Amino acid sequence: MATVGLKRFLNPAFYQTSAVAFGEMVTNTYLKKGVLAQPIVGLMVTLGGVGYFIEYAVLGRYHVAHKKEKIEAALKEYDAKHGGHH
């Protein structure tokens, strides 16, 4: 029984019909004749969200870690010069 389901996902026609159905749904739901503002705004919001996610989650943590390392090194140097009195 599991092989029947697996064969369905291995068949390229399954993906083609899924893509065509998705395209028709998008065309009928979001793309109206003569109106381009809605899909363009949706694309802009999506790209902005993805860009923010990449900057914050993927790249931002390295910048924060680098800044923390610089602060720690500066504090060690300060403590070494001034005796580390707290």
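Residues numbered from 1 in each chain as written. Predicted model: local features only at pLDDT ≥ 70, side-chain atom pairs only at ≥ 80, totals over all residues. Heavy atoms only, no water.

Enquirer: Can you lay out the packing of aromatic side chains for me, pointing to particular residues and giving the numbers?
Expert: This structure, assessed with the given rule, holds three aromatic pairs. Look at Phe-9 and Phe-14: their rings are 5.1 Å apart centre to centre, the planes differ by 85 degrees, and that puts the pair in the edge-to-face class. For Phe-9, a relative accessible area of 42% translates into the label partly exposed. On the basis of relative accessibility, which here comes to 19%, the residue Phe-14 falls in the buried class. Each ring, one from Phe-14 and one from Tyr-15, has its centre 5.1 Å from the other, and the planes form 80 degrees; the classification is edge-to-face. The rings of Phe-9, Phe-14 and Tyr-15 are connected pair by pair, giving a single aromatic cluster. Between the NZ or CZ atom of Arg-8 and the centre of the ring of Phe-9, over which it lies, the distance is 5.3 Å. (Phe/Tyr/Trp six-rings, centres within 6.5 Å; stacked < 30°, edge-to-face > 60°. Buried < 20%, exposed > 50% of the residue type's maximum accessible area, 1.4 Å probe, protein only. Lys NZ or Arg CZ within 6 Å of the ring centre and 35° of its normal.)

Enquirer: Pulling in residues and values, what's your account of the pattern of salt bridges?
Expert: This structure, assessed with the given rule, holds one salt bridge. Its salt-bridge partner being Lys-81, residue Glu-77 comes within 3.1 Å of it at the nearest N-O pair. Separated by four residues within a single helix, Glu-77 and Lys-81 lie in helix α3 (residues 37–82), roughly one turn from each other. The class for Glu-77 is partly exposed, based on a relative accessible area of 46%. What makes Lys-81 exposed here is its relative accessible area of 61%. (Salt bridge = Lys/Arg side-chain N within 4 Å of Asp/Glu carboxyl O. Helix = DSSP H or I, 4+ residues; strand = E, 2+ residues; numbered from the N terminus.)

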